[in-house]
Structures are given as C-alpha cells and as structure tokens.
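Structural overview for review
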Amino acid sequence: MVIGKPFLNVEQIQNRVKELAFNISADYQGKDILAVGILKGAFMFLPDLTRHIQVTMNIDFLIASSYVKTQTSGEVKIHADLREDVKGRHVLLVEDIVDTGLTLKYIRDMLLARNPASLKICAFLDKISRRKVDIKIDYAGFQIPDKYVVGYGLDYDNKFRNLPYISIFKEST
Ligand code: 5GP
C-alpha cells in the first residue's frame with residue numbers, strides 16, 4: 001500500500017470548502033437548513049463546511065455503506081437512520097464523494113419519500129466519468145479523474161480517513 005503526495009492539499013481543500021459554504025449561504029438566505037451528513041465519509045467535510053455556512057441549521061447524520069474495498073457493490077445499507085423529521089424541511093445532503101451515484105440516488109430517493117420542502121446535494125468530490133445514474137450535484141467541491149482516493153474522510157478498508165488532504169491510493173504488489 002502506498003499513499004502518494006497530496007492530490008488536493010489542505011489549503012486547496014479549505015479554500016474550496018469556504019467557497020461552497022459561501023454559495024450555500026447565499027442560496028439559503030431566509031431559510032433554515034437540515035444538513036444531513038452521510039457517515040462515515042463526510043465526518044471531516046461536514047464540520048469544515050458547516051462552520052462557514054451563515055444560515056440557521058440543524059445537523060443530523062445517516063450511517064450508510066455501499067463500498068467493499070475499492071469496488072462499488074451497488075448495494076446501500078443504512079446502518080443508522082436520521083433522528084430528525086425531514087417533512088417540510090430544506091434538506092442539504094452532504095456526501096464525501098459521488099462515484100457511480102448509486103449511493104446518493106438511494107439515499108436521495110429515501111429522503112424524498114419523506115416529503116422535504118426541498119433537497120439539495122453537496123458532495124466534496126465528484127468522479128463524473130464513473131456515473132451510472134442521473135443525479136444532480138448542486139454543490140460539488142472538485143471534479144476528479146477515475147482514481148481511488150483516500151483522506152479527508154475517505155478510506156481504504158476504514159483506514160486513512162484522518163489524513164487532512166486527499167491522496168491517490170495505490171495498492172502495492
Ligand atoms: P457510488 O455509490 O457513487 O458509486 O459510491 C459512493 C461511495 O463509494 C462513497 O460514499 C464512498 O464511500 C465510496 N467511494 C467511491 N469512490 C471512492 C474513492 O475514490 N475513494 C474512497 N475512499 N471511497 C470511494
């Protein structure tokens with residue numbers, strides 16, 4: 001296993017996160033947000049993002065998994081559901097990375113069935129070339145190539161989430 005030099009460094013990440021928060025604050029003026037972090041991947045992105053959003057908000061978390069090592073399984077398992085009621089709320093889903101889009105589509109559809117007033121998606125990374133389903137990402141941090149990345153909440157086998165930057169993961173042979 002090799003972790004290379006940062007693909008996105010701390011400064012690039014923090015600057016972009018502030019820009020996203022600024023755009024979200026502008027779009028939600030006069031509305032309260034229900035920010036929903038998808039764990040475990042969003043555990044670093046969500047606090048960085050929300051500390052710069054200047055709109056009243058509630059924060060809740062979903063624990064979901066869809067990935068086995070570096071292969072997308074296509075199956076989404078909800079390990080822990082929200083405690084907040086979604087009905088009539090302005091939901092902002094906060095996700096670490098969108099790859100095929102299957103995970104987000106599943107979660108989005110599950111929450112839309114609970115009748116929110118609105119639902120938007122903020123994803124830190126977007127691997128747009130890998131998309132299998134049509135899903136609109138309202139706020140995307142960075143579009144990245146089809147490489148497996150770790151750090152800033154993203155794992156390989158539940159490791160490397162704590163890196164403060166994004167690195168391209170290479171399995172050593
Ligand atoms: P999707 O359902 O969009 O194919 O996959 C979404 C999930 O797969 C993400 O929430 C993340 O957990 C995982 N994932 C997709 N690409 C990567 C990647 O490059 N690195 C890591 N660590 N996880 C990924």
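See the structure above.
Anyway, here's the lowdown on the structure attached to this text. Just so you know, the residues in each chain are numbered from 1, in the order the chain's sequence is written. Owing to the predicted nature of the model, reporting of local features is limited to residues with pLDDT of at least 70; listing and counting of side-chain atom pairs is limited to 80 or more, with chain, interface and lining totals taken over all residues. Only heavy atoms go into the side-chain values, all of them from the structure, while hydrogens and water stay out.

**Notes on the site of the ligand**
Filter applied, for reference: Only a single heavy atom is needed: when it lies within 4 Å of a molecule or strand, its residue is near that molecule or strand. Between N or O atoms, a polar contact is any pair within 3.5 Å; within protein, one atom must be a potential hydrogen donor and the other a potential acceptor, and residues adjacent in sequence are included only when both atoms are from side chains. The Shrake-Rupley method, run with a 1.4 Å probe sphere, supplies the accessible areas, and residue values consider only the shown protein chains as cover.
Taken together, the neighbourhood of the ligand is formed by 18 residues, with Thr100, Gly101, Thr103, Val149 and Asp155 sitting nearest. Glu95 places a polar side-chain atom, nitrogen or oxygen, 3.3 Å from an oxygen atom of the ligand. Within the backbone of Asp155, an N or O atom sits 2.6 Å from a nitrogen atom of the ligand. Burial of the ligand by the protein chains amounts to 94% of its free accessible area of 510 Å².

**Thoughts on the pattern of salt bridges**
Quick reminder of the rule: Salt bridge, as used here: a side-chain nitrogen of Lys or Arg that lies within 4 Å of a carboxyl oxygen of Asp or Glu. Only protein chains enter the area calculation, which uses a 1.4 Å probe; residues under 20% of their type maximum are buried, those over 50% are exposed, and those in between are partly exposed.
The final tally for this structure, using the stated rule, is 12 salt bridges. The salt bridge involving Glu84 is made with Arg89; its shortest N-O contact spans 3.1 Å. Of the residues examined, Glu84 reaches a relative accessible area of 26% and is grouped as partly exposed. Judged by relative accessible area, which is 22%, Arg89 ranks as partly exposed.

**Topic: the side chain of Arg161**
What counts, and what does not: The secondary structure listing takes helices from DSSP runs of H or I that are at least 4 residues long and strands from runs of E that are at least 2 residues long, numbered from the N terminus. Here, residues are in contact when the closest pair of their heavy atoms is within 4.5 Å.
For Arg161, the position within the fold is in the loop between β8 (149-150) and β9 (166-170). At a separation of 2.9 Å, a polar atom in the side chain of Arg161 contacts the side chain of Asn158. When sequence neighbours within four positions are dropped, the list of residues in contact with Arg161 reads Lys40, Gly41, Phe43, Met44, Gly151, Tyr152, Gly153, Leu154 and Asp155.

**Remarks on the packing of aromatic side chains**
Test applied: Ring pairs are drawn from Phe, Tyr and Trp, using the six-membered ring of Trp, whenever the two centres fall within 6.5 Å, and their geometry is named by plane angle: stacked under 30 degrees, edge-to-face over 60, tilted for the rest.
As enumerated under the stated definition, the model contains 7 aromatic pairs in all. On the basis of an interplanar angle of 80° and a centroid distance of 5.8 Å, the ring pair of Phe124 and Phe142 is categorised as edge-to-face. Here Phe124 is found in strand β6 (residues 118-126), whereas its partner Phe142 is found in strand β7 (residues 139-143), with 18 residues between them in sequence. Given a relative accessible area of 1%, Phe124 falls into the buried group.

**As for unusual backbone geometry**
A negative phi angle is the norm for most residues apart from glycine, just as the trans form is the norm for most peptide bonds. In this structure, the amide linkage connecting Leu39 to the following residue, Lys40, adopts the cis form with an omega of 10°. By secondary structure assignment, the location of Lys40 is in the loop between β2 (33-39) and α2 (45-50).

**Overview of the nonpolar core**
Stated precisely, the cut-off is as follows: Working definition of a nonpolar core: buried Ala, Val, Leu, Ile, Met, Phe, Trp, Tyr and Cys residues. They are joined through side-chain atoms within 4.5 Å.
Counting 30 residues, the largest nonpolar core has Ile24, Phe45, Leu49, Phe124, Leu125 and Ile166 as its most contacted members. For this core, the secondary-structure elements that each account for two or more residues are α1 (10-27), β2, α2, β5 (90-98), β6, β7 and β9. When residues in this core are grouped by element, the largest group, 5 residues, is from α1. Sequence-distant contacts of Phe45, that is, excluding residues within four places in its chain, are made with Val17, Leu20, Val94, Glu95, Cys122, Ala123, Phe124 and Tyr152. By size, the runner-up hydrophobic cluster in this structure holds 20 residues, among which are Leu34, Val98, Ile107 and Ile137.

**Here's the deal with the pairing of β2**
Both faces of the sheet carry side chains from a regular strand, because those side chains alternate between them. As a reminder, the rule being used: By the convention used here, strands pair only if DSSP detects at least 2 bridges between them.
Of all 7 residues that make up β2, 7 are buried, and the element is covered over most of its length. Of the two faces of β2, both are covered, the one formed by Ile33, Ala35, Gly37 and Leu39 as well as the one formed by Leu34, Val36 and Ile38. Pairing geometry for β2 and β5, over 5 bridges, is parallel. Across the sheet, the residue bridging to Leu34 is Val91, located in β5.

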